[in-house]
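Structure at a glance
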Amino acid sequence: MTKLLTTRDETMPQSSSLRWASDVSSPKHTFRRFVFRWRPFLRLCVTATHALRRNVLRSLLTTLGIVIGIMSVIAIMEIGQGASATLGESIQSMGSNLIIVMPGAASAGGIEMGAGTMPTLTPDDVNAILTECPSVLAAAPSVQARMQVVHGSKNWVPATMLGTTPSYLAIRGWNSLDEGENFTEQDVRNANKVCVVGLTIVKELFDGQSPIGKSVRINNVPIRVIGVLGRKGANVMGMDQDDVLLTPWTTMKNRVSASTLGSVNQSVLTSSANGVNSFGDAYPRSFIELYTTPTATQMMNTPRPQRLTNVDQIFASAVSMERIETAVDEIQQALSRSHNIRDGQVDDFNLRNMTELTKMFGSTTTLMTNLLLAIAMIALLVGGVGIMNIMLVSVTERTREIGLRMAVGAKGRDILAQFLVEAVLLCLFGAAIGIVLGRGISIAVSKLAGWPVAASPYAILASVGVSLIIGIGFGFYPAWRASKLDPIDALRYE
Amino acid sequence: MQSHNIIELNNVVKTYQRGDVAIPVLKGVSMEVAHGEMVALMGASGSGKSTLLNILGCIDRLSAGTYWLDAVDVTRFSKDELASLRNSKLGFCFQNFHLQPRMSALDNAMLPLDYREPILSRKEMVDRASELLELVGLADRMDHQPSQLSGGQQQRVAIARALINRPRLLLADEPTGALDSKTSHEILELFEQLHQDVGLTMILVTHDAEVASHAKRTIHVRDGLIAGSSS
């Protein structure tokens, strides 16, 4: 001891009692105060961890409520997200980013004929959409028909018979062909007599045999099958999406139906005396009229130099789900311009998209997820009450410790911080276990029950935040009570 | 060297309130302690000597009178100001040591450093605490928990804790009350050594004349009043 004190005297040659008390503050220490702000906090965390480790079982049981709460939150969020992702995919299979442009309603003498009755859309509009709308990924015109398709001794009327362009498949999210290939732009230009059929047609007309290279007759026009579409199944409305036949729109319009939807319902037409098996149409006409010749009156009425053949509908797809609204606006503007529609005039076309449907299904899952989340939140709340309860007990138990800490210089806020940090650490610890267990549950669910799950970093972040808030919220009152103790009373507490 | 006294108590009154009844413990105590003095406070139990020590140690507050500690009037100090005063200027050895169970001797000795401003690094803390534990003769017991230490050793840890912030004033409440005579003697020698080598001002509360004889001056407390002082 004498040695120890001698060495000190060498470094500080002042009188011993002065030196003993002279370490309270120096410039170096003031500097440190700014640099090492994390140090007191680190000490607090270490102290709190020690206190929690002193009674591991109790700490575990205390935080169990938080563990269960966070676990449920994570599991529910992940399973919910998985469900909505699957739902998103199934909506996407209908062509989720789909925007349908319908021609406007015709009206004659005050009688509105309903949407799609006035032929106002042209292939030009498709080009306008493609060039003027950056949010539109692809656009395809369509000409519809409903006619008997014949192959050998079998016949069938497909639910959907469309004349369109090759990009139609991409727009409807129909990316895979089972066999053969899609028709090309070349086929569209030349009005080649080719078609792509869905699996239902293969089943009905070809007995499931490969139809590639074989011909079907529609309205007595032989059309070669060059591709078979992949299976898509029924859509949300229950319509068989595989009952489909696609041809280039030029073929459909000029060779097959030679008319627009307005007057075509060939199932009815064929039953009338009009066109029973007349072989006159078996061979193509000498040339294709892509452009209908306008009459003099039409020329007078419509100052546009040329007007292309009408199409029944235009299908367009937005770049992404989020940009559907933008794409709709852009199409609206592009078509208004190309149709010379002035402000205040009624549009001669209608735009439809799937957002309503997407929203409806989305809101259902969101509702369910939120409901379950609310229950999980209640569990968390109960867990928080548990934390508060045990922290109150702990403060009472450790009154003498608090007294001692205060006697050796702990201020009220030091004690407050100590117990608050303890509660928060307890919650964060519970959250960590909960996150691991929750992930485990969702992984188990996906493995055992085959439910789709999606890892949700947002849920993990949120649950850490929530447990932090619970720790502070429910830890504050006990910590505050501890900080308000009087050192002498606390020291004497039995 | 300061010429003033480290402690100046002027007519200090302490009254405890038990429901409607006011119990006077200190009835007007005035005393002075000079720098570097070693003083014993003697008195029978219930005489108010422990209360006096608590007031001197700024753990308890006085009901009336003034208390100047190291030329500062601490009577009007706020709770927080008192706390940092206790931390920086005062060392307190409690009668029953008040060591934290399940904390090593080293950690116990380091406890006041947690509330020191500015806070030291862990290494500096350990250096300081082990230096002091060496000083009190516990170099080989630093990792032991209080339950693994004898009474004398526990008292030494408590002394190390009291000295860790290099206080101006060391207060000890019955430092030998729970110890056998041999250990008591060792502890008292330690106190004397500290007093001589460091020049630390010390106030020991005791009811044992043998202990009081180690001090240079003895102040007798009786019924909440200073009954006399002997050198």
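A few points on the structure. (Residues numbered from 1 in each chain as written. Chains lettered and ligands numbered in written order. Predicted model: local features only at pLDDT ≥ 70, side-chain atom pairs only at ≥ 80, totals over all residues.)

On to the overall build of chain B, then. Regarding its fold elements, chain B presents 7 helices and 10 strands. For chain B, buried positions account for 48% of its 231 residues. Long-range pairs, those at least 24 residues apart, make up 70% of the contacts in chain B with a sequence separation of at least 6. (Helix = DSSP H or I, 4+ residues; strand = E, 2+ residues; numbered from the N terminus. Buried ≥ 20, exposed ≤ 12 C-beta atoms within 10 Å, placed from the backbone. Contact = placed C-beta atoms within 7 Å.)

Within chain A, the secondary structure is distributed over 18 helices and 14 strands. For chain A, buried positions account for 38% of its 494 residues. Contacts spanning at least 24 positions in sequence make up 82% of the contacts within chain A whose residues lie at least 6 apart.

Residues and elements named next belong to chain B. Strand order in the open sheet formed by 6 strands is 6-7-8-3-9-10, and the pairing between neighbours is mixed. Edge positions in the open sheet fall to strand 6 (90–93) and strand 10 (225–230), since each of these has one partner strand only. Strand-to-strand twist of the sheet, defined as the mean angle between neighbouring strand axes without regard to direction, takes the value 20°. Where strand 7 (residues 169–173) and strand 8 (residues 201–206) come together, 5 bridges link them in parallel fashion. In the sheet register, Leu 171 faces strand 8, and the bridge partner there is Ile 203. (Pairing = 2+ DSSP bridges. Axes fitted to C-alpha atoms, helices over the stretch in contact; angles between N-to-C directions.)

All names here are of chain B. Over its 14 residues, helix 4 (residues 122–135) runs 20 Å from end to end, which matches the ideal 20 Å to within 8%, given 1.5 Å per residue. For helix 4, the full list of buried residues reads Met 125, Arg 128, Ala 129, Leu 132, Leu 133 and Leu 135. The buried side chains of helix 4 occupy one side of the element, clustering within an arc of 155° when seen end-on. Exposed side of helix 4, more than 90 degrees from the buried face: Lys 123 and Asp 127 are the residues found there. One or two residues past the end of helix 4 sits Gly 137, with phi positive at roughly 85°. (Expected span 1.5 Å × (residues − 1). Arc of directions from axis to C-beta.)

Attention shifts here to helix 6 (residues 123–132) of chain A. For helix 6 of chain A, every residue scored as buried is listed here: Pro123(A), Asp125(A), Val126(A), Ala128(A) and Ile129(A). Elements that come into contact with the buried residues of helix 6 of chain A comprise strand 4 (136–144), strand 13 (313–318) and helix 13 (324–338) of chain A.

The next point concerns unusual backbone geometry. Residue and element names in this part refer to chain B. Residues other than glycine seldom take positive phi values, yet Phe 97 does so here, at roughly 65°. By the secondary structure assignment, Phe 97 is in the loop between strand 6 and helix 3 (105–110). With 20 C-beta atoms packed within 10 Å, Phe 97 lands in the buried category.

One broad trend across soluble globular proteins is that nonpolar side chains are buried collectively. Core analysis: the largest hydrophobic core is formed by 118 residues, its most contacted members being Ala423(A), Leu41(B), Ala109(B) and Ala160(B). Broken down by element, this core gets its largest block of residues, 13 residues, from helix 16 (residues 412–448) of chain A. Setting aside chain neighbours within four positions, we find Ala423(A) in contact with Ile387(A), Met391(A), Gly471(A), Phe474(A), Gly475(A) and Ala479(A). Among the nonpolar cores identified, the runner-up in size contains 58 residues, and Val149(A), Ile201(A), Ile218(A) and Ile314(A) belong to it. (Core = buried A, V, L, I, M, F, W, Y, C linked by C-beta atoms within 7 Å.)

Moving on: the environment of Phe191(B). All names here are of chain B. Tracing the chain through its elements places Phe 191 in helix 6 (residues 181–198). Since 23 C-beta atoms lie within 10 Å of it, Phe 191 is described here as buried. For Phe 191 and Leu 170, which are 21 residues apart along the polypeptide, the C-alpha to C-alpha distance reads 9.6 Å. Phe 191 has contacts with Met 202 and His 214, leaving out every residue within four places of it along the chain.

Ordered in space as 2-1-4-5 (chain B), the 4 strands form an open sheet in which the pairing is antiparallel. Every interior strand has two partners, whereas the edge strands, strand 2 (21–34) and strand 5 (72–73) of chain B, have only one.

Turning to the environment of Gly438(A), a few remarks are in order. Residue and element names in this part refer to chain A. Tracing the sequence through the fold places Gly 438 in helix 16. Residues Gly 438 and Ile 460, spaced 22 residues apart in sequence, show a C-alpha to C-alpha distance of 9.7 Å. Apart from the residues lying within four places of it in its own chain, the contact partners of Gly 438 are Ile 70, Met 71, Val 73, Ile 74 and Ala 75.

Bringing the packing of helix 14 (residues 355–397) of chain A against helix 16 of chain A into the picture now. Residue and element names in this part refer to chain A. Running from N to C, helix 14 and helix 16 cross one another at 140°; their axes reach a closest spacing of 11 Å. Relative to helix 16, helix 14 is oriented oblique. Classified by chirality, the crossing of helix 16 by helix 14 is right-handed. Counted together, Ile 387, Met 391 and Val 395 of helix 14 and Phe 419, Ala 423, Leu 426 and Cys 427 of helix 16 form the full contact between these two elements. Classifying every residue of the contact of helix 14 with helix 16 by side-chain character gives 7 nonpolar, no polar and no charged. (Parallel < 35°, antiparallel > 145°, perpendicular 65-115°, else oblique. Left-handed = near helix turned anticlockwise from the far one by under 90°. Nonpolar A, V, L, I, M, F, W, Y, C, P; charged D, E, K, R; others polar.)

Time to look at the pairing of strand 13 of chain A. The buried fraction of strand 13 of chain A is high, at 6 of 6 residues. Residues of strand 13 of chain A alternate between two faces, with Gln313(A), Phe315(A) and Ser317(A) on one and Ile314(A), Ala316(A) and Ala318(A) on the opposite face, all of them buried.

On to the pairing of strand 1 (residues 98–103) of chain A. All names here are of chain A. By the bridge criterion, 4 bridges tie strand 1 to strand 13 in an arrangement that is antiparallel. Bridge assignment links Leu 98 to a residue of strand 13, and that residue is Ser 317. When strand 1 meets strand 14 (residues 349–353), the two strands line up antiparallel, connected through 5 bridges. Bridge pairing links Val 101 to Leu 351 in strand 14.

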